[in-house]
Amino acid sequence: MPTLSSERGTIEIVPVVKGLVSESPKVGILLDGGYDAAAASLGPEDISAIGARSELGEAEISDADAVYGHFLSSFGKIGSPSPVYCALVDLCAEKGIPLIPADMDDAEYTEAYCRNISLLETLKERSLIRSAAKGGLDLSSPEAFAKDFENSFRRIRGFNALAHERADRMAGKLYEALDRRKRIAAFIEIETADDIARILMESYGMRQM
């Protein structure tokens, strides 16, 4: 759990494995006090949907998410929306803790997807999902699995570019938030957490404590 600091403030990155129920207790660090805000690798629409999930019902699951969930379930109970983010949204609403949506909104993501990923690469993605469904992923731990699953997509150039664009966006949003919040707990999907920490240090001059 890297803690990054600068004269503007402190960002504590909390890596999480999306989908795994056992990750939910990680949000309890917010109860220790001392945080001005929480943040998550979610867009604003995601946070709104999670907050209203009892009214909206079950969301449609993509083929990639179905394969991810199938293998993730070998580590314990899973849920959708991601239980750790459900716990985070609920806790922030209950305690009045500001929750920063660090990721792109839906329009930004659609624009970035279309800009980075070609039709051919979309076809490659479908082939990759079929291949992943057959196994061969790193199942030594949930963290290793989540990273390996993500890295399999990043072997496609456009998806790798999109992943880095998202990480750049989230790092910038977190750094900007230090204008108003001096200590932030950022709950970031583990496959992206290292990228964001690196960008905050290399591009924004933050230091690891």
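Residue numbering note: each chain is counted from 1, following its sequence as written. At least 70 in pLDDT is required for a residue's local features to be given in this predicted model, at least 80 for side-chain atom pairs to be given and counted, and no such filter applies to totals for whole chains, interfaces and linings, which use all residues. Values shown for side chains rest on all heavy atoms present in the structure; no hydrogens or waters enter the calculation.

1. Section: the packing of helix H1 (residues 44–51) against helix H4 (residues 83–95)
As a packed pair, H1 and H4 sit with axes 9 Å apart at the nearest point and diverge in direction by 80°. Considered as vectors, H1 and H4 are oriented roughly perpendicular to each other. Seen from H1, the contacting residues are Ile47, Ile50 and Gly51; seen from H4, they are Tyr85, Cys86 and Val89. Each residue is assigned to one of three groups, with Ala, Val, Leu, Ile, Met, Phe, Trp, Tyr, Cys and Pro labelled nonpolar, Asp, Glu, Lys and Arg labelled charged, and all others, Gly among them, labelled polar. Per-class residue counts for the contact of H1 with H4 are five nonpolar, one polar and no charged. Every axis corresponds to a line fitted to the C-alpha atoms, with the helix fit spanning only the stretch in contact, and the corresponding angles, defined between N-to-C directions, vary from 0 to 180 degrees. Working definition: helices are DSSP H or I runs of at least four residues, strands are E runs of at least two. Numbering for both runs from the N terminus. Roughly parallel means an angle under 35 degrees; roughly antiparallel means over 145; roughly perpendicular covers 65 to 115; every other angle is labelled oblique. A contact between two residues is defined here by any heavy atoms of the two lying within 4.5 Å.

2. Topic: the environment of Ser80
Along the chain, the position of Ser80 falls in the loop between helix H3 (63–72) and H4. For the pair Ser80 and Asp148, spaced 68 residues apart in sequence, the C-alpha to C-alpha distance is 20 Å.

3. Some points on the nonpolar core
Ranked by internal contacts, the top residues of the largest apolar core, which has 23 residues, are Ile11, Ile13, Leu174, Ile196, Leu200 and Met206. Where this core is concerned, the elements lending two or more residues are strand S2 (9–16), strand S3 (37–40), helix H8 (157–177), strand S5 (183–189) and helix H9 (190–202). The greatest single-element share of this core, amounting to six residues, is contributed by H8. Sequence-distant contacts of Ile196, defined by excluding residues within four places in its chain, comprise Ile13, Ala167, Met170, Ala171, Leu174 and Ile188. We define a nonpolar core as any set of buried Ala, Val, Leu, Ile, Met, Phe, Trp, Tyr and Cys residues linked to one another through side-chain atoms lying within 4.5 Å. Only protein chains enter the accessibility calculation, which uses a 1.4 Å probe. A residue is then buried if its area is under 20% of the maximum for its type, exposed if over 50%, and partly exposed in between.

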